[in-house]
Amino acid sequence: MPPTAPHIGYAAMLEQFHPTEIIELSTHAERNGFAGTMAADRFQPWVPRQGHASFVWNVLGALGQTTSGDLGTGMTVPTFRWHPAMVAQASATLEAMYPGRHWLGIGSGEAIDEHVTGAYWPETAERINRMFEAVDVINKLFTASAAGRDAKHSGTFFKLESSRLWTMPAAPPPILVATSGPVTAKRAGRVVDGLIVDGAPIEKIAALLDRFDEGAREVGKDPSRSLKVLRLHLSWAPTAGEAMANAITEWPNGGMRFPRSDIRSPFEFEQLARLVRAEDFEGRMLVSEQPDAHRAHIQRYLDLGFDRIYLHNVGRNQREWIDVFARDVLPALTR
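A few points on the structure. If you're wondering where the values come from, they're calculated on a predicted model, not measured in any experiment.

### A few points about the environment of Ala96
- Along the chain, Ala96 falls in helix H3 (residues 84–97).
- Look at Ala96 and you get partly exposed, because its relative accessible area is 29%.
- When the C-alpha atoms of Ala96 and Ala62 are compared, they prove to be 14 Å apart, with 34 residues separating the residues in sequence.
- Once residues within four sequence positions are removed from consideration, Ala96 is found in contact with Thr167, Met168 and Pro169.

### Remarks on the packing of aromatic side chains
- In the structure shown here, the tally under the stated rule is eight aromatic pairs.
- Between Tyr10 and Phe34, the ring centres sit 6.2 Å apart and the planes meet at 85°, which makes this aromatic pair edge-to-face. Here Tyr10, found in strand S1 (residues 7–12), pairs with Phe34, found in the loop between helix H1 (19–31) and strand S2 (36–39); they are 24 residues apart in sequence, far enough to count as distant.
- Pairing Trp46 with Phe269 gives two aromatic rings, centres 5.1 Å apart and planes at 45°, and the pair type is tilted. Here Phe269 lies in helix H9 (residues 266–273) and Trp46 lies in the loop between S2 and helix H2 (56–66), a separation of 223 residues in the sequence. Accessibility classification places Trp46 together with Phe269 in one group, the buried group.
- By the ring-pair criterion, three or more aromatic residues cluster together here, those being Tyr10, Phe34, Trp321 and Phe325.
- Looking at Arg164, its charged tip hangs above the ring of Trp166, at a distance of 4.9 Å from the centre.
- Arg260 extends its terminal NZ or CZ atom over the ring of Trp46, reaching a point 4.9 Å from the ring centre.

### Regarding H2
- Within H2 the residues assigned to the buried category are Val56, Trp57, Val59, Leu60, Gly61, Leu63 and Gly64.
- Packed against the buried residues of H2 are H1, S2, strand S3 (70–73), H3 and strand S4 (102–106).

What counts, and at which threshold
Residues numbered from 1 in each chain as written. Predicted model: local features only at pLDDT ≥ 70, side-chain atom pairs only at ≥ 80, totals over all residues. Heavy atoms only, no water. Helix = DSSP H or I, 4+ residues; strand = E, 2+ residues; numbered from the N terminus. Buried < 20%, exposed > 50% of the residue type's maximum accessible area, 1.4 Å probe, protein only. Contact = heavy atoms within 4.5 Å. Phe/Tyr/Trp six-rings, centres within 6.5 Å; stacked < 30°, edge-to-face > 60°. Lys NZ or Arg CZ within 6 Å of the ring centre and 35° of its normal.

Have a look at this one:
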């Protein structure tokens, strides 16, 4: 079979841009060949310099009016700031407004966003268990509501009294789980419709995809029908110096080689970010002024089996980057 054009979307970073600018940039990206938009549910930016943290459901709802591609949360956390029922309602409403366009990406959370309620911040294992129970609650609501019935739930972390979603789409959106570990990937394969990987080193990714497929097969699902999504962070600018400066100042996250899920404040994160050096991005995030280097890098991930890749250029030079990649990168990618 001849190669087909891959699904390359735009990662709209609500941490870095005002929501009206996000809408303009996402619309510009779609007009130039990007296939859809991913946006994360953030309450704070990572570092103060990023400067924003708008409400993801408002932004995605507005984007539905200015774009025609898919709209996904990469990711939302239905376990601390949100009860799963509220995430289910937001997701069902978005899919009802824009049928066939929305997918619900779910993660286990990080303290910088979730600590704001003042609740105890648990260890990783509990956060993952909470996430999967939240998926169970959301699935119950989607299934029962689509059938015109109430749902209820009483579990370790959540309770849901008999209720339903009164506004439902014709079919519920697919649920995807974000993971960076093989155990969670296999568990996700058993219970959800797809997997999200967020910028993991390429040598780890094949194992994650394999474990997800393994979990799917264990419960009789066809892994080829699951959606495998990657958010890929990169830094492109007209010169190597600008590209590296953007990486260090705008997205030091990409060079951090230590866990960050327990950090609570952008100002604390900023102090830790001062430790990041140019060499720390090696093997973790491509920093290059050469479009062809980025093309080859993205193609490696497509060859691993991702169905969709959403690109995040970490600099403020979004329009320039969109135009260059639309001309020199996207047309050369294949699946």
